[in-house]
Amino acid sequence: MAVRIQREERAEGLKVRIEGALSIYEVARCKEELLECLDGEGALEIDLGGLEECDLPGLQLLLGCRKSGLQRGKKVCFTNVPSPVRSVAENAGVPEKIFL
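Let me begin by describing the structure that accompanies this report. (Residues numbered from 1 in each chain as written. Predicted model: local features only at pLDDT ≥ 70, side-chain atom pairs only at ≥ 80, totals over all residues. Heavy atoms only, no water.)

Right, let's talk about the overall build of the protein chain for a bit. Across its full length, the protein chain carries three helices and four strands. Seen in sequence order, the protein chain has helices and strands lined up from the N terminus as β-β-α-β-α-β-α. Sorting the 100 residues of the protein chain into buried and exposed places 43% on the buried side. Residue pairs at least 24 apart in sequence account for 70% of intrachain contacts in the protein chain once pairs closer than 6 positions are excluded. With an accessible surface of roughly 5600 Å², the protein chain has 49% of that area assigned to carbon and sulfur atoms. Across the protein chain, the centroid of the 14 positively charged side chains sits 5 Å from that of the 17 negatively charged ones. (Helix = DSSP H or I, 4+ residues; strand = E, 2+ residues; numbered from the N terminus. Buried < 20%, exposed > 50% of the residue type's maximum accessible area, 1.4 Å probe, protein only. Contact = heavy atoms within 4.5 Å. Areas by Shrake-Rupley, 256 points an atom, 1.4 Å probe, with all protein chains shown as cover. Lys, Arg positive; Asp, Glu negative; His and termini not counted. Charge placed at Lys NZ, Arg CZ, Asp CG, Glu CD.)

So, about the sheet that holds strand 2 (residues 13-22). In a beta sheet, neighbouring strands pair by backbone hydrogen bonds and run either parallel or antiparallel. Read from one edge to the other, the open sheet built from four strands follows the order 1-2-3-4, with strand pairing classed as mixed. Edge positions in the sheet fall to strand 1 (4-10) and strand 4 (76-79), since each of these pairs with one other strand and no more. In this sheet, adjacent strand axes meet at a mean angle of 20 degrees when their direction is disregarded. As defined by bridge partners, strand 1 adjoins strand 2 across seven bridges and the pair is classed as antiparallel. Residue glutamate 9 lies in a different strand from strand 2, and its bridge partner there is leucine 14. (Pairing = 2+ DSSP bridges. Axes fitted to C-alpha atoms, helices over the stretch in contact; angles between N-to-C directions.)

The tally for this structure, following the rule as stated, stands at zero disulfides. Unpaired in this structure, cysteine 54 has its nearest cysteine sulfur neighbour in cysteine 30, at a distance of 11 Å. (Disulfide = S-S within 2.5 Å.)

Quick look at the packing of aromatic side chains now. For the structure on display, the rule yields one aromatic pair. An angle of 50 degrees between the planes, with centres 5.5 Å apart, marks the rings of phenylalanine 78 and phenylalanine 99 as tilted. Note that phenylalanine 78 is positioned in strand 4 and phenylalanine 99 in the segment after helix 3 (83-92), a separation of 21 residues in sequence. With respect to burial, phenylalanine 78 and phenylalanine 99 carry one shared label: buried. (Phe/Tyr/Trp six-rings, centres within 6.5 Å; stacked < 30°, edge-to-face > 60°.)

Moving on to the pairing of strand 3 (residues 43-54). Of the strand pairs in this sheet, strand 2 and strand 3 are connected by nine bridges, and their pairing is parallel. Paired with leucine 14 across the two strands is leucine 44, which belongs to strand 3. The sheet contact formed by strand 3 and strand 4 spans four bridges and is parallel. Residue leucine 44 lies in a different strand from strand 4, and its bridge partner there is valine 76. Note on the crossover from strand 3 through helix 2 (residues 56-71) to strand 4: the handedness is right-handed. (Right-handed = clockwise from strand over helix to strand, strands pointing away.)

The values are spatial; any link to function lies outside them.
What follows is the structure, encoded as structure tokens:
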């Protein structure tokens, strides 16, 4: 299943919803689109509730996006984090607080 990214402008910033499978096969295609989301004003909320699958490269993309946002002084948060993302993060040793 391909990944789909939807954007929703809000007063406090941008909400991005990711749906489908965020895997090694989709990371390159999604990287630029997610990084473009950091160009706007305000915070960035990344809603992961639609993800059905996520592997380590997908997790690395999400964490890299968060890091890039923080380096730009933006608030970046993840919401509706599903079990596939939590599982990969736990196996990779990523602290749970990243997703709070």
